[in-house]
Amino acid sequence: MERTRVSMRHVQHSPMLLLLPALVPVIAFSVLPLAEGIYLGFTDAKAGLSVDLAPTFFDNYIRLLSNDLFWQSFQIGIIWAVTTTFLQYALGLSLALLLEQRLHFLWLARTLALVPWATPPVIVAIMWKLVYQPDIGLLNQSLRGVGIPVGELNWLADFNTAFPAVIVVGAWAGMAQTTVALVAGLKGIPVELHEAAASDGATAWQRFTHITWPQLRPVTDAIVSLNFIWNFNSFGLVYVLTEGGPGGKTMVPALFAYNEGFKYGHFGYAAAMGNVMVIVVLILLYVYLRRGRRGVE
Amino acid sequence: MIYRRSPAATALQYTALFALMFFLAFPLLWMLSTSFKGPRELVALIPSLIPVNPTIDNYFTAFREQDLVRSATNSLQLSLGSALLTVLVALPAAYGLARHASVLRRFTMSWILVSQIFPLILIIIPLFLILKTLHLLDSLAGLLVVYLVWSLPFTLWMLQSYVKAIPIELEEAASIDGAGRARILRTIVLPLLAPGLVVAALFAFISAWNEFFFALVVLQSAELHTLPLTLARFIGSEGVVRLGPLAAASFIATLPSLVFFSFIQRHLRSGLLTGGVKG
Amino acid sequence: MNKRFRASIAMLVVAALAAACGATSPGTGASPAGSAAATVAAPITLQFASFAWQKATVDAHNKIVADWNAKNPNITVKIVTVDVNSVHDKLLTTFQGGTAADIVHDESADIGGFAGQGFLADLSSLIPGDLKADIPQGIWDTVTFNKKIAGVPTILQTYSVFVNKKMLADAKVELPTAASPWTWDKFAQVAKQLTTTDRYGVGWGLKSPAATVMSMSLNFNGNFFYNEGGKNVVKFGTAEQQVLKRIYDLAYTDKSLSPTTLGQSGPDILPGFFAGKYAMIVGGNYVAQQMVEQAPAGFDWAMLPLLKGDSQAQSANPQTLSIAAQSKNPKEAMQFIAFYMQSQNLASVAIGDWLIPVSTSAGKAVTTITGGKNSWDVNVASTPSLRLAPFQTLDAYPQWKSQIAQPAFQQYFANKIDLATVGTQLTEGWTKVGGK
């Protein structure tokens, strides 16, 4: 015991050294710009050649309170992030569980599982745009093929279908990372637990609910949290698919903030939106993780 | 795992597996099919999966017009560099984070969260100015550093949770047996971390391979352009897309990630998706 | 030891300098003579950020630059390629970061903002007299912000009707001429006549309708923006409602316009046009290039003279060449722009993009080169109808257009809201975006 403590003390004084290679670039290229970005949210910064900026403290936030377009987009963003994250998880878990079974073609499935991830995002969006096309789109062609009268439904322009259609694309695009993380989690579950349960006569379903599901909890929490954040923060896909249309139905907040900052040049106001997003997402994550009684880590 | 399944369950599993495989793979099929179609066939009202008049013109166009080879080489350098660098930097850091609860740990975890939530686009300009000060604009090295930092939140988070899963008693026991630090890390920690390292490398590789916006603002010279920048040039204004060459180029662009994955899958038998950690 | 130390310091300095030169974008003027470039022959490099993307246009750009470099060994122009959908983001970042290219290729609708932000040089005193005279004043107005010329206009887009000639001939519909173009009424009547059980008279890709509606509304003097006591206000009177209402009626009253196409983008409806689902389509004139590349053999199409309301006016939103305010060599940059604008050069760019050159001389050159075929005569003839719309120079217009007008028009064309609601959204929206 004594010797262990000695050896662990030896371990104690190296963390700074271990972290140094990561800390230097992180501080220079992430923490500093982030700090500036957050600070800009409390100023009147605008795009322009040598424009002075002045701190305005909470002015941006007071203005933001009455910006109904932003809150509307915030609502859309929450729905988008929640449903997309859920679908990614559900599909990813199904695939991960199947990959752990003894089946043929798994080598192929493992490689294919990475396709959405390996496909450049620009291509993902263009491809799905073509799938959803009203006349020559793959989806309508297939539906017509099996006798479903879709007519010329334009999935991405119809006010009822545009948002769900974009969510499906989001789920598809994020499924690969989720699957990979979950497979890693499944590998970590000691085989003995399953064997013991099986010898006790537990059914496959019972083994899933009593062993797999609780054991997977930490990985689930981590990947769900990250996916939620990424989804809430992503706008590239939506931008190419619908540009926020039709009629603002798919205007997610990240896209809204991007427009405000880059298109209209209101850096300070856009950064304030970013700060609000950080606060709200942190609160949501806290609630989610508290409910699960386990920390993110 | 060796549990009996009923034939019905097996059939169900295969159905689900094939459905998911199709769902995942159809872009590859689509790209492959489209890349062999001429411009006139691409606007056919009832497209066929197998091209009626297959042509390889699109591949020639893609290679000839847009410096596909050069940009693919740039992307490959960046992605491999990013995968390697990320693993090298993240591994010790993740170990340090997992094994030493400290202020640094809290700082790092908050940074990970905030950096992921705050809209990336809004820090582009501050980041751009820092890169400019350090003379890292318009260079692959500058982009590489950005990609490293950009991959770290995910890799650190993943890896430190893997480290935590390794019982510290294993290390202590080895230490009692007189093994040195380096040896403990090499013989005990590293093998158990292999699957996590694969995920980290894969993540860093693919992130760098696909990344568009940083590359857009950092790179100026055409000689340095990466693949996503080149692909974007097949897309015109107002939704005009040169589908054939784009599909050909995309198909080529998707393969390296899959090959990279197969490669590390084969070479790390204990790898994440093949072997598995013994629990 | 001492010697070696000094040598290594020197090497470090050299390396640092080299790195600095390599990393600093040459666009900021790497010439040692700096801005004293009017004096003789210190070689300089000008960066030219271009978003040309159609193959023929890219080739034209490359050729112009190669010709220039051959003639001007001391002023080398280097193309920086930017993809057309990222122009604004790339320019804003490089402007803000102080590394912008000397010459930037953009469009009138986008440079107003950049001019207001101080990123673009005022070209008023730099533009050569003959170039100034070669372009109609109405077009110069579209690139003039606060009395400063922020860019040299190059080529122009119109919104035009394309027809399937065979279908029109079968229905015995005569094509209009430049002297007597179709009115909107005539267009609606023909659309109805051409509609059958298995085809629509018109397909119109209006997924992002704002640009089209705002431009074509000038046909009926629908200005939308009016200056009242020094303040700009949005009005939605009968003049503004005309084009919106007419398009709506085609789709929902006459049922001669395929409502599906209203949610598609311009190029998306081409397969249907080629397959005979619509006898006519309306779209940007650049679509013609797509027709040449993709139309099935024997498909006979034509582009018609601009539709006429009270007039054929549309808003001119030319592509532009501007000079960054940060450029150290604005004079040389303008020399290159003037070279680019020479009639043969500009004509080659216009032909590649199927857009109209702004200058009279290049217009003539285009007619000569193309022999007026493939509707090029009609295309060039539309130049006089293109003019500045009142909204084009307003600071908050781009935001109003995308945040307010775009969704409002989309809702109207999807039959979700009525015209009165559109009006309310447009007028209230102007206040929301802080329009002044």
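Caption draft 1: Structural context of the overall build of chain B. What chain B contains, in helices and strands, is 12 helices and zero strands. Along chain B, helices (α) and strands (β) appear in the sequence α-α-α-α-α-α-α-α-α-α-α-α when read from the amino end. Considering only C-alpha atoms, chain B reaches an extent of 75 × 65 × 30 Å along its principal axes. Taking all 279 residues of chain B together, 51% fall into the buried category.

Caption draft 2: Structural view of the overall build of chain A. In terms of helices and strands, chain A carries 14 helices and zero strands. Mapped in sequence order, the helices and strands of chain A form the string α-α-α-α-α-α-α-α-α-α-α-α-α-α. If you line up chain A on its principal axes, its C-alpha atoms span 70 × 70 × 30 Å. Residues counted as buried form 48% of the 297 residues belonging to chain A. Pairs at least 24 apart in sequence give 66% of the contacts found in chain A among residues at least 6 apart.

Caption draft 3: The arrangement of the pairing of strand β11 (residues 231-234) of chain C in detail. Residues and elements named next belong to chain C. The sheet contact formed by strand β10 (residues 225-228) and β11 spans four bridges and is antiparallel. The partner of Tyr226 across the bridge, within β11, is Val233. Once β10 ends, the chain turns through two residues before running back antiparallel as β11, passing Gly229 with a positive phi of about 55°.

Caption draft 4: Summary view of the environment of Leu18 of chain A. Relative to the assigned elements, Leu18 of chain A resides in helix α2 (residues 15-40). For Leu18 of chain A and Leu130 of chain A, which are 112 residues apart along the polypeptide, the C-alpha to C-alpha distance reads 48 Å. Among all residues touching Leu18 of chain A, those that are not within four sequence positions of it are Pro92, Ala93, Tyr95 and Gly96 of chain B.

Caption draft 5: Structural detail: the interface of chain B and chain A. Chain B puts 73 residues into the contact, and the matching count from chain A is 77 residues. The element contributing the most residues to the side of chain B that touches chain A is helix α1 (residues 7-35) of chain B, with 11 residues.

Caption draft 6: Looking closely at the interface of chain C and chain B. On the side of chain B, 28 residues touch chain C, which itself brings 33 residues to the contact. Mapped by element, the contributors of at least two residues to the side of chain C that touches chain B are α1 (2-23), β2 (75-81), α3 (87-97), α11 (270-274) and α12 (287-294) of chain C. Per-element tally for the side of chain C that touches chain B: the top contributor is α3 of chain C, with five residues. Here the side of chain C that touches chain B is built from residues that sort into 12 nonpolar, 15 polar and six charged.

Caption draft 7: Main features of the environment of Asn72 of chain C. Its location among the elements puts Asn72 of chain C in the loop between α2 (55-71) and β2. Spatially, the C-alpha atoms of Asn72 of chain C and Ser215 of chain C are 40 Å apart, while their sequence positions differ by 143 residues.

Caption draft 8: Main features of the sheet that holds strand β3 (residues 103-107) of chain C. All names here are of chain C. Spatially, β2-β1-β3-β15-β6 is the arrangement adopted by the five strands of the open sheet, whose pairing is mixed. Across the chains shown, the open sheet's two edge strands, defined by having one partner strand only, are β2 and β6 (152-153). In this sheet, strand β15 (residues 319-323) lies alongside β3 in antiparallel orientation, the contact comprising five bridges. In the strand pairing of β15, Val104 is matched with Ser322.

Caption draft 9: Expanded view of the nonpolar core. Among the nonpolar cores identified, the biggest contains 302 residues, and Ala90, Ala200 and Ala201 of chain B together with Ile103, Val202, Met280 and Ala350 of chain C are the most heavily contacted of them. Ranked by residues supplied to this core, first place goes to helix α9 (residues 162-187) of chain A with 16 residues. Contacts of Ala201 of chain B, omitting those with residues within four sequence positions, involve Ala83, Val87 and Ile264 of chain B.

Caption draft 10: Examining α3 of chain C more closely. Burial within α3 of chain C is extensive, with eight of its 11 residues counted as buried. Within α3 of chain C, the full set of buried residues consists of Lys90, Leu91, Leu92, Thr93, Thr94, Phe95, Gln96 and Gly97 of chain C. Contacts made by the buried residues of α3 of chain C are with α13 (253-263) of chain A, α6 (124-133) and α10 (213-218) of chain B together with β3 and α4 (108-116) of chain C. Immediately beyond the C-terminal end of α3 of chain C, within one or two residues, lies Gly98 of chain C, with a positive phi of roughly 75°.

Caption draft 11: Representation of the sheet that holds strand β8 (residues 159-164) of chain C. All names here are of chain C. With mixed pairing, the four strands of this open sheet are ordered in space as β9-β12-β8-β13. Edge strands, defined here as strands with exactly one partner in the open sheet, are β9 (200-204) and β13 (301-303). On average, each strand axis in the sheet is tilted by 25° relative to the strand beside it, whichever way the strands run. Across three bridges, the pairing between β8 and β13 is antiparallel. Bridged to Asn164 within β13 is Trp301. Strand contacts of helix α8 (residues 184-194): β8, β9 and β12 (278-284), with the helix running at about 120° to β9, the strand carrying the most contacts.

Caption draft 12: Highlighting the packing of α6 of chain B against α3 of chain C. Closest axis-to-axis distance for the α6 of chain B/α3 of chain C pair is 9 Å, and the angle between their directions is 50°. With respect to α3 of chain C, the element α6 of chain B is oriented oblique. Relative to α3 of chain C, the crossing made by α6 of chain B is right-handed. Where α6 of chain B abuts α3 of chain C, its residues Ile124, Ile125, Phe128, Leu129 and Lys132 of chain B lie against Thr93, Gln96 and Gly97 of chain C. Looking at the contact of α6 of chain B with α3 of chain C, its residues break down into four nonpolar, three polar and one charged.

Caption draft 13: Spotlight on the packing of α2 of chain C against helix α14 (residues 343-353) of chain C. Residues and elements named next belong to chain C. Contact geometry of α2 with α14 gives a least axis separation of 7 Å together with a crossing angle of 160°. What the angle tells us is that α2 and α14 run roughly antiparallel. Our pair here, α2 against α14, has a crossing hand that is left-handed. Facing α2, whose interface residues are Ala56, Thr57, Asp59, Ala60, His61 and Ile64, α14 presents Asn345, Ser348, Val349, Ile351, Gly352 and Asp353.

Caption draft 14: Fine view of unusual backbone geometry. The peptide bond linking Gly245 of chain A to Pro246 of chain A adopts the cis configuration, its omega dihedral lying at -5°. Following the sequence through the fold, Pro246 of chain A ends up in the loop between α12 (236-241) and α13. Not every positive phi belongs to a glycine, and Lys147 of chain C is a case in point at roughly 65°. Here Lys147 of chain C is to be found in the loop between β4 (144-145) and β5 (148-149). Of note in this structure, Lys255 of chain C is not a glycine but carries a positive phi near 55°. In this structure, Lys255 of chain C sits in the loop between α10 (238-252) and α11.

Caption draft 15: How the structure looks around the pairing of strand β1 (residues 44-50) of chain C. Residues and elements named next belong to chain C. Of all seven residues that make up β1, six are buried, and the element is covered over most of its length. Pairing between β1 and β2: seven bridges, direction parallel. Pairing of Phe48 across the sheet is with Ile79, part of β2. The β-α-β motif built from β1, the intervening α2 and the parallel element β2 has right-handed crossover chirality. Both β1 and β3 contribute to a ladder of two bridges, which runs parallel. From the neighbouring strand, Phe48 faces β3, where its bridge partner is Ile103.

Caption draft 16: Spatial organisation of the confidence of the model for chain B. Looking at chain B, the pLDDT average stands at 84 and 93% of residues meet or exceed 70. Scored as a complex, the prediction yields pTM 0.89 and ipTM 0.87.

Caption draft 17: Spotlight on the environment of Trp68 of chain C. Residues and elements named next belong to chain C. Among the secondary structure elements, Trp68 is positioned in helix α2. Classification of Trp68 as partly exposed rests on a count of 19 C-beta atoms within 10 Å. Between the C-alpha atoms of Trp68 and Phe336, which are 268 residues apart in sequence, the distance is 7.4 Å. In contact with Trp68, not counting residues within four places along its chain, are Val77, Phe336 and Phe339.

What counts, and at which threshold
- Numbers given to residues run from 1 along each chain, matching the order in which its sequence is written.
- Following the order in which they are written, the chains are lettered starting with A and the ligands numbered starting with 1.
- Where totals are concerned, whole chains, interfaces and linings use all residues; where local detail is concerned, this predicted model gives features only for residues with pLDDT of at least 70, and gives and counts side-chain atom pairs only at 80 or more.
- In this text, helices come from DSSP runs of H or I with a minimum length of four residues, and strands from runs of E with a minimum of two, each type numbered from the N-terminal end.
- For the exposure call, what matters is how many other C-beta atoms sit within 10 Å of a residue's own: 20 or more marks it buried, 12 or fewer exposed, and in between partly exposed, using C-beta atoms placed from the backbone.
- Residues are treated as contacting if the C-beta atoms built from their backbones sit within 7 Å of each other.
- Following DSSP output, two strands are said to pair if at least two bridges run between them.
- Classes in brief: Ala, Val, Leu, Ile, Met, Phe, Trp, Tyr, Cys and Pro nonpolar; Asp, Glu, Lys and Arg charged; the others, Gly included, polar.
- For this entry, the nonpolar core is defined as buried Ala, Val, Leu, Ile, Met, Phe, Trp, Tyr and Cys residues connected by C-beta atoms within 7 Å.
- Axis definition: a line fit to C-alpha positions, over the contact stretch in the case of helices; interaxial angles, taken between N-to-C directions, run 0 to 180 degrees.
- Working definition: roughly parallel below 35 degrees, roughly antiparallel above 145 degrees, roughly perpendicular at 65 to 115 degrees, and oblique for all remaining angles.
- Two helices that cross are described as forming a left-handed crossing if the nearer one is turned anticlockwise from the farther one by less than a right angle, and a right-handed crossing if clockwise.
- Here is how to tell: hold the view so the strands point away, follow the path from the first strand over the helix to the second, and if it runs clockwise the crossover is right-handed.
- For every residue, the predictor states its confidence as a pLDDT score lying anywhere from 0 to 100.

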